[in-house]
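Structural features, examined
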Amino acid sequence: MDAHVEHPGMPGDPFPAIRIRGLVKDYGRVRALAGIDLEVRRGEVFGFLGPNGAGKTTTIRCLLDLLRPTAGTVEVLGLDPRRDGVTLRARLAHLPGELRLPERGTVSQLVASIGRVRGRLDLRRRDELADRLDLDLGRRMRDLSSGNRRKVALLLAFLADAELLVLDEPTNGLDPLVQHEFLALVREARDAGRTVFLSSHVLSEVRRVADRVAVLRAGAIVAVGTVDELRGRARQRVEAWFAGDPPVAELEGLPCLAARTIDGRRFSAVLEGPIQPLLDVLGRHPVESLVVEDPDLEEAFLDLYAGTPR
Amino acid sequence: MSGQRLQLVAGPFGAAWRAGLAWSVVFALMIVGTVAFWPAFRDSSDLGDLLTELPPALLEAFGMEDLLSPAGYLRGGLYDVVVPLMFAAAGVMFASSASAGEEDAGRLELWLAQPVTRQAVFGGRVVAVLGWLAVLAVVVLASQLVSNAAFGLEIAGARVVETVALCALLGALYAGLAFAVAGITGRPGPVLAMGLGLALVGYLVAALFPLSDALEGWAWLSPWDWALGTDPLVNPAEPIRYVALLAGAAALLAVGGIAFARRDVRSA
């Protein structure tokens, strides 16, 4: 892959938050990243979508200089992670995907330890975040559930007061209320001018908060665009319960539907295009309930994953 | 010391407190337990007769040629094998869990994602482990001096201080070896295998080579010989012995630190 090809929708920002060119990472004979090009603008929330194993964490670990690229260049906030790692990491906060936190002591002791290493600790902000995330700072680390550990990691990331937040699967294991609070924190960070790099395998989460999205598959970027652009390309699952028999012929005639199944009064399908024609049909018949939901990521971008050209 | 540096040392030091306490208790019990038998041993004439009948080479191999003197008793019971081996094992195990063990568990990443260099994180862990070895040295020394006084084992304090210091430095050398392997591989398996394995090899070389005319001249290859070759319970050790142990440890730690800074950090 030519490292200098610009992706559509990625005008050359002279000072992007993240600029990745031709990033390749091999683990022995296994190629984890096969030449990634990516530009994240300052002040945006950037969704980094992909199924597990696509290379999201590997990319993030390269940003932090935990991994050394096999080939290609990485620039974060204009800095080289290897050469200027200390300066860079002072301006960056990381939430790891694999949560391996120390078992010793309490939450507030861990927060204080990280504060000493980072050189500052805003106690008011700490208490505010703990309150919003519903996290008890006095709990012992070893007693925390995985959801509470995630909250600790979130608190550490948002407490760092960093220009760039690199969040790897931040909402895994969080209950919906806290997920909601998390999305609010992300929006606040953006409003304060910070950049958020958010990796996830959950499409709906990224959709709700990201300005732009890249989709990663098997170590390569298969799509980059705004959420709206990708929304048009994403499939959705539709399920309708009719009061009587479904209008089979009309539904069969809709080109925007695929994988149609009819099971008694229940009709389900995958929506591949605009929803209006379907709504027109449904409007002419008594419908008891209608569900339109985001499919999982692989289903949503089936075409992309199948290797269809962008 | 800045708060950052202090945290990078105090964190791993505190994380090892259970192991540190356990080693301290085992060391103290073993020393007190051994010295407690000294009065009965000294006064047993049967044992003296038995020892004169055993082949001198065998006695020498097990450090028992002078078992009825205070220095000989301490050497045979503690300082020929047990105490140096325990220092070496403690050094390897502290180093392994502070470095490769933490990396293997994915817990190093939290610190390495902060505005610190890899060397600072690695160095903090080195200082923490050396700190625990110093604590153990103080525990061993105190247990030894107190039980010597309590059970009437008469030996010059300076000989005990020097012997314990050399054993602790031997432990630091093997901790350095463990840190070197951890810096290169990041895996606790090779760290423990290399560290404990080479500690044992070092002992065997120092104990068995002197028994063979052909190999006797090569006993200096073992760091055990550097530490205990002059029989420090009896004779003062030359400064070169300290220098050799310290320089060896420093070189190994440098290898570990440089290797760690140059490679990928392993993920959990």
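Scoring rules and cut-offs
- Residues numbered from 1 in each chain as written.
- Chains lettered and ligands numbered in written order.
- Predicted model: local features only at pLDDT ≥ 70, side-chain atom pairs only at ≥ 80, totals over all residues.
- Heavy atoms only, no water.
- Salt bridge = Lys/Arg side-chain N within 4 Å of Asp/Glu carboxyl O.
- Helix = DSSP H or I, 4+ residues; strand = E, 2+ residues; numbered from the N terminus.
- Buried < 20%, exposed > 50% of the residue type's maximum accessible area, 1.4 Å probe, protein only.
- Pairing = 2+ DSSP bridges.
- Axes fitted to C-alpha atoms, helices over the stretch in contact; angles between N-to-C directions.
- Bend = angle between axes of the 7 residues up to and from the residue.
- Contact = heavy atoms within 4.5 Å.
- Buried area = accessible area lost by both parts, 1.4 Å probe.
- Polar contact = N/O pair within 3.5 Å; in protein donor to acceptor, adjacent residues only side chain to side chain.
- Nonpolar A, V, L, I, M, F, W, Y, C, P; charged D, E, K, R; others polar.
- Parallel < 35°, antiparallel > 145°, perpendicular 65-115°, else oblique.
- Left-handed = near helix turned anticlockwise from the far one by under 90°.
- Patch = residues over 30% accessible without salt bridge, like charges linked within 9 Å, V, L, I, M, F, W, Y side chains within 5 Å.
- Areas by Shrake-Rupley, 256 points an atom, 1.4 Å probe, with all protein chains shown as cover.

Describing the pattern of salt bridges
This structure, assessed with the given rule, holds 34 salt bridges over all chains. One salt bridge connects Lys25 of chain A with Asp264 of chain B, and the closest N-O pair in it is separated by 2.5 Å. Here the residue Lys25 of chain A occupies a position in strand β1 (residues 18-27), and Asp264 of chain B occupies one in the segment after α13 (239-262), the pair thus bridging two chains. Judged by relative accessible area, Asp264 of chain B falls into the partly exposed class, the value being 21%. Ionic pairing is found between Arg263 of chain B and Glu103 of chain B, a salt bridge with its closest N-O pair at 2.7 Å. Here Arg263 of chain B, found in the segment after α13, pairs with Glu103 of chain B, found in helix α7 (residues 82-104); they are 160 residues apart in sequence, far enough to count as distant. The residues Arg263 of chain B and Glu103 of chain B share a single accessibility class, namely buried. By sharing partners, the salt bridges in this structure join Arg125, Glu128, Arg132, Glu181 and Glu188 of chain A into a single network.

Brief notes about the sheet that holds strand β10 (residues 236-242) of chain A
Residues and elements named next belong to chain A. Across the sheet, which stays open at both edges, the 4 strands sit in the order β11-β12-β10-β13 with antiparallel pairing between neighbours. In this open sheet, the two strands that pair with only one neighbour each are β11 (257-263) and β13 (287-293). Each adjacent strand pair in this sheet contributes to an overall mean axis angle of 15 degrees, direction not counted. Pairing analysis gives 6 bridges linking β10 to strand β12 (residues 266-271), with the strands arranged antiparallel. Of the residues in β12, the one forming a bridge with Ala240 is Phe267.

Some points on α7 of chain B
Residue and element names in this part refer to chain B. Along its length, α7 reaches its greatest deviation from straightness, about 40 degrees, at Ser97. The element α7 is largely enclosed, with a buried count of 18 among its 23 residues. Looking one or two residues past α7, Gly106 carries a phi angle of roughly 80 degrees, positive in sign.

Some details on the interface of chain B and chain A
Each partner contributes residues to the interface: chain B has 30 residues there, and chain A has 26 residues. When the two sides are added together, the surface that chain B and chain A hide from each other amounts to roughly 2,400 Å², 55% of it contributed by carbon and sulfur. Contact with chain A buries area across many residues of chain B, yet Leu110, Pro115 and Asp264 of chain B alone supply 23% of it, more than any other trio. For the pair chain B and chain A, the interface holds 2 salt bridges. Applying the counting rule to chain B against chain A returns 18 residue pairs in polar contact (both at pLDDT 80 or more). Broken down by element, the side of chain B that touches chain A gets its largest block of residues, 7 residues, from helix α1 (residues 3-15) of chain B. In terms of residue class, the side of chain B that touches chain A is made up of 13 nonpolar, 9 polar and 8 charged.

A closer look at the packing of helix α2 (residues 17-36) of chain B against helix α6 (residues 70-79) of chain B
All names here are of chain B. Relative to each other, α2 and α6 sit at 140 degrees, their axes nearing to 10 Å. What the angle tells us is that α2 and α6 run oblique. By crossing handedness, the relation of α2 to α6 is classed as right-handed. Residues Met30, Ile31, Thr34 and Val35 of α2 form the contact with α6, whose participating residues are Tyr73, Leu74, Gly77, Leu78 and Tyr79. Class assignment of the residues belonging to the contact of α2 with α6 gives a composition of 7 nonpolar, 2 polar and no charged.

Overview of a nonpolar patch on the surface
All names here are of chain A. Together, Leu279, Val287, Leu290 and Val292 line one region of the surface with nonpolar side chains, adding up to about 260 Å² of accessible area. Broken down by element, the residue count for the nonpolar patch peaks at 3 residues, all from β13. Locating Leu290 in the fold gives a position in strand β13.

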